[in-house]
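So the chains spell out like this:
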Amino acid sequence: MATSTAPHFHNQPGVPQVRVGAKEFMCIGALPPLDHPHIFIDMGADADAICPYCSTRYVYDAALGGACEPAECVFAPSTGKAAAASARI
Ligand SMILES: [Zn+2]
């Protein structure tokens, strides 16, 4: 399946809901090492989904095109360290 290429999102800021531009994605809860088990969420026919681990409500917004709002909630496993480092500068 597309789990390996699905976008990863987290809710490190602790916002009530995160708008995402994908209906299929991974939720990791918070930035490592505080992340919960990375689970695949598929909204299917719905326009929103609630993560069973962190209770973050994800709302689909096609206009975001794979990104999310707040934008900082995107997590890129392969470039996570670089992104985190640049974000602190
Ligand atoms: Zn979660």
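Our subject is the structure listed above.
Keep in mind the model is a prediction, meaning the values are calculated, not measured. (Residues numbered from 1 in each chain as written. Predicted model: local features only at pLDDT ≥ 70, side-chain atom pairs only at ≥ 80, totals over all residues.)

Visitor: I would appreciate a short explanation of the nonpolar core in the present structure.
Guide: Across soluble globular proteins, nonpolar side chains show a tendency to be buried alongside one another. Ranked by size, the top nonpolar core spans 13 residues in total, and within it F9, V18, V20 and F25 carry the most contacts. Of all elements in the fold, only β2 (17-20) and β3 (24-29) reach the threshold of two or more residues within this core. Per element, the largest residue contribution to this core is three residues, and it comes from β3. Discounting chain neighbours no more than four positions away, the residues touching F9 are V18, V20, F25, C27, C68, C73, V74 and F75. (Core = buried A, V, L, I, M, F, W, Y, C linked by C-beta atoms within 7 Å. Buried ≥ 20, exposed ≤ 12 C-beta atoms within 10 Å, placed from the backbone. Helix = DSSP H or I, 4+ residues; strand = E, 2+ residues; numbered from the N terminus. Contact = placed C-beta atoms within 7 Å.)

Visitor: In this structure, what is going on with the pairing of strand β6 (residues 57-60)? I would like to understand it.
Guide: Where a strand is regular, its side chains alternate between the two sheet faces. Note: β2 against β6, four bridges, orientation parallel. The residue bridging V18 from the neighbouring strand is Y58, located in β6. Note: strand β5 (residues 48-50) against β6, three bridges, orientation antiparallel. Considered in β6, the bridge of D48 is made with V59. (Pairing = 2+ DSSP bridges.)

Visitor: What's the story with the environment of H36 in this structure? I'm lost.
Guide: In this fold, H36 is placed in the loop between β3 and β4 (39-42). With 14 C-beta atoms packed within 10 Å, H36 lands in the partly exposed category. Sequence separation between H36 and C54 is 18 residues, and the spatial gap between their C-alpha atoms is 7.7 Å. In this structure, H36 is in contact with I28, G29, Y53 and C54, ignoring residues within four places of it in sequence.

Visitor: Can you help me understand the sheet that holds strand β7 (residues 68-69) in this one?
Guide: Picture the strands of a sheet paired through backbone hydrogen bonds; they go either parallel or antiparallel. Strands sit in the order β5-β6-β2-β7 across an open sheet of four strands; the sheet is mixed. If you trace the sheet from one side to the other, it starts and ends with β5 and β7, each paired once.

Visitor: Help me out: how do you make sense of the pairing of β2 in this one?
Guide: Of the two faces of β2, the one holding V18 and V20 is buried and the one holding Q17 and R19 is not buried anywhere. Inspection of the sheet shows β2 paired to β7 by two bridges, in the antiparallel sense. Paired with R19 across the bridge in β7 is E69.

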